[in-house]
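Report on the structure
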Amino acid sequence: MISSPARPRRVLILGGTADANRLARAVANDPRIDAILSYAGHTENPTPPPISWRLGGFGGIDGLVNYLRGENIVRVVDATHPFAAQMSAHAVAACAVAAVPLLALERPPWQRAPGDHWIEVDDLAAAAEALGTAPRRVFLGIGRLQLKTFAAHPQHSYLVRLVDRPRVPLPLPDAEVIVARGPFKVADDRAMLANYRAEIVVAKNAGGDSASAKIEAARDLALPVVMVRRPFIPARETVETPAEVMRWLGHDKTPAERGV
Ligand code: NAP
């Protein structure tokens, strides 16, 4: 708990996830926290948060150190996607240099459940290899930036779900695009996979509930899932929920939140 500082605490939230948006909504209600949400700028229309926000990279570790010092940031919350390994590694390094406490908000990875048929691999190149040589109908729920990995496997037909409509043709000769933003529902994803007659699903192990529908839908339809394990990120203090971040930031509950 913090003792009513004269000025609100300047906090940087590294975003790009539904949890970062949830956290932004929570800090917006605490006048003792002055938080800014940072987006990489890859999504065309990021959800406008109820706090101030910025777009674009910092310019590596040195750029982030300069930003932290220039903006008088006293705490950093890394609420990026678990596969945003470079940004997370930069945050660990920059916060150490600038002596700013860092907390990661990260959902635990999904665990295999009865009925799942997962093929676990270390990266997307291995995922593409795991599809095999015979043509298959593949659902790709991996985002836009790494689709080129699958260009070397043009024998497959791909159903690609993206947040934005692509402005240039995809690097895949046989691909259908669905433009949609999570969270997704299991029934909808089941219908999507069945309508496409998907034979296999490729997913990154993001964890959380925003993108888990496709995994449950694959289980229901007895489809195999090529599951990409999370990349390495240097050790840092980590919590799983926005409520735990709020406690770390010194937020004590308002009477309404305590049910008083
Ligand atoms: P990345 O490879 O770890 O980061 C590449 C560079 O992008 C970073 O070095 C940094 O540039 C900039 N960057 C990344 N996140 C940023 C942020 N929140 N604010 C300011 N700059 C940021 O990241 P990525 O995998 O390309 O992901 C980019 C963004 O998309 C992340 O914010 C992530 O949360 C979100 N996202 C990623 C995935 C995924 O599967 N990777 C899925 C959903 C959402 P500088 O070095 O110049 O600072």
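Residues numbered from 1 in each chain as written. Predicted model: local features only at pLDDT ≥ 70, side-chain atom pairs only at ≥ 80, totals over all residues. Heavy atoms only, no water.

Strand order in the open sheet made by the six strands is 3-2-1-4-5-12, with parallel pairing throughout. Looking along the sheet, the strands with just one partner apiece sit at the ends: strand 3 (52-55) and strand 12 (238-239). Strand direction decides the pairing type here: strand 2 (residues 33-39) and strand 3, joined by four bridges, are parallel. Each residue of the ladder has a partner; that of Tyr39, found in strand 3, is Leu55. (Pairing = 2+ DSSP bridges. Helix = DSSP H or I, 4+ residues; strand = E, 2+ residues; numbered from the N terminus.)

Turning to the domain arrangement of the protein, a few remarks are in order. What the domain assignment lists for the protein is domain 1 (9-107 + 232-258) and domain 2 (118-228). Here domain 1 and domain 2 have C-alpha centroids that lie 29 Å from each other. Contacts between domain 1 and domain 2 engage twelve residues on the former and 15 residues on the latter. Interface area, domain 1 with domain 2, both sides summed: about 970 Å², of which 48% is carbon and sulfur. Close ionic contact of Glu44 with Arg167 constitutes a salt bridge, the shortest N to O distance being 2.9 Å. Taken together, the residues that form the side of domain 1 that touches domain 2 break down as four nonpolar, five polar and three charged. (Domains from an automatic or database assignment. Contact = heavy atoms within 4.5 Å. Buried area = accessible area lost by both parts, 1.4 Å probe. Salt bridge = Lys/Arg side-chain N within 4 Å of Asp/Glu carboxyl O. Nonpolar A, V, L, I, M, F, W, Y, C, P; charged D, E, K, R; others polar.)

Across the sheet, which stays open at both edges, the six strands sit in the order 6-11-10-7-8-9 with parallel pairing between neighbours. Edge positions in the sheet fall to strand 6 (118-121) and strand 9 (175-179), since each of these pairs with one other strand and no more. For this sheet, the mean inter-axis angle between neighbouring strands, taken without regard to orientation, is 20°. Each of strand 7 (137-141), strand 8 (157-162), strand 9 and strand 10 (200-204) touches helix 5 (residues 186-196); the most contacted strand, strand 8, lies at about 155° to it. (Axes fitted to C-alpha atoms, helices over the stretch in contact; angles between N-to-C directions.)

As a further point, take unusual backbone geometry. Omega for the peptide link from Gly182 to Pro183 comes to 0°, which places this bond in the cis form. One non-glycine residue, Ala99, lies in positive phi territory at about 55°. Taking the relative accessible area as the measure of exposure, Ala99 reaches 66% and is therefore exposed. Phi is positive for Arg197, which is not a glycine, with a value near 60°. (Buried < 20%, exposed > 50% of the residue type's maximum accessible area, 1.4 Å probe, protein only.)

Mapped onto the secondary structure, Arg75 falls in strand 4 (residues 75-78). The buried charged residue Arg75 lacks any salt bridge, with Glu237 as its nearest oppositely charged partner at 7.8 Å. Discounting chain neighbours no more than four positions away, the residues touching Arg75 are Arg9, Arg10, Val11, Leu12, Val100, Pro101, Trp248 and Leu249. (Lys, Arg positive; Asp, Glu negative; His and termini not counted.)

Bringing the packing of helix 2 (residues 60-70) against helix 3 (residues 85-98) into the picture now. Relative to each other, helix 2 and helix 3 sit at 50°, their axes nearing to 9 Å. The orientation of helix 2 relative to helix 3 falls into the category oblique. Of the two elements, helix 2 crosses helix 3, and the hand of that crossing is right-handed. Only Met87, His90, Ala91, Ala93, Ala94, Cys95, Val97 and Ala98 of helix 3 make contact with helix 2, whose side of the interface consists of Gly60, Ile61, Leu64, Val65, Leu68 and Arg69. Of the residues contributing to the contact of helix 2 with helix 3, the split by class is eleven nonpolar, two polar and one charged. (Parallel < 35°, antiparallel > 145°, perpendicular 65-115°, else oblique. Left-handed = near helix turned anticlockwise from the far one by under 90°.)

Turning to the pairing of strand 5 (residues 102-105), a few remarks are in order. For a regular strand, side chains alternate in direction, first toward one face of the sheet and then toward the other. With burial as the criterion, each face of strand 5 is covered, one bearing Leu102 and Ala104 and the other bearing Leu103 and Leu105. Where strand 4 and strand 5 come together, three bridges link them in parallel fashion. When the sheet's bridge partners are listed, Asp78 is paired in strand 5 with Ala104. Once the chain exits strand 4 it traverses helix 3 before rejoining the sheet at strand 5, and the crossover so formed is right-handed. (Right-handed = clockwise from strand over helix to strand, strands pointing away.)

Within the span of helix 5, buried status applies to Asp189, Met192, Leu193 and Tyr196. Buried residues of helix 5, seen end-on, are gathered within an arc of 90° and therefore sit on one face of the element. Looking at the buried positions of helix 5, the neighbouring elements they touch are strand 7, strand 8, strand 9, strand 10 and helix 6 (213-220). One or two steps after helix 5, the chain reaches Arg197, where phi turns positive at roughly 60°. (Arc of directions from axis to C-beta.)

We now examine the site of the ligand. Taken together, 21 residues lie around the ligand, and Ser38, Phe58, Gln86, Met87 and Lys204 are the ones closest in. Gly56 places a polar main-chain atom, nitrogen or oxygen, 3.5 Å from a nitrogen atom of the ligand. Between the ligand and the protein, one listed contact pairs an oxygen atom with a backbone N or O atom of Met87 at 2.8 Å. The protein chains hide 77% of the 810 Å² of surface that the ligand would expose on its own. Breaking the shell around the ligand down by element, the ones donating at least two residues are strand 2 and helix 3. Of the residues assigned to the shell around the ligand, the class counts are seven nonpolar, twelve polar and two charged. (Near = heavy atom within 4 Å. Polar contact = N/O pair within 3.5 Å; in protein donor to acceptor, adjacent residues only side chain to side chain. Areas by Shrake-Rupley, 256 points an atom, 1.4 Å probe, with all protein chains shown as cover.)

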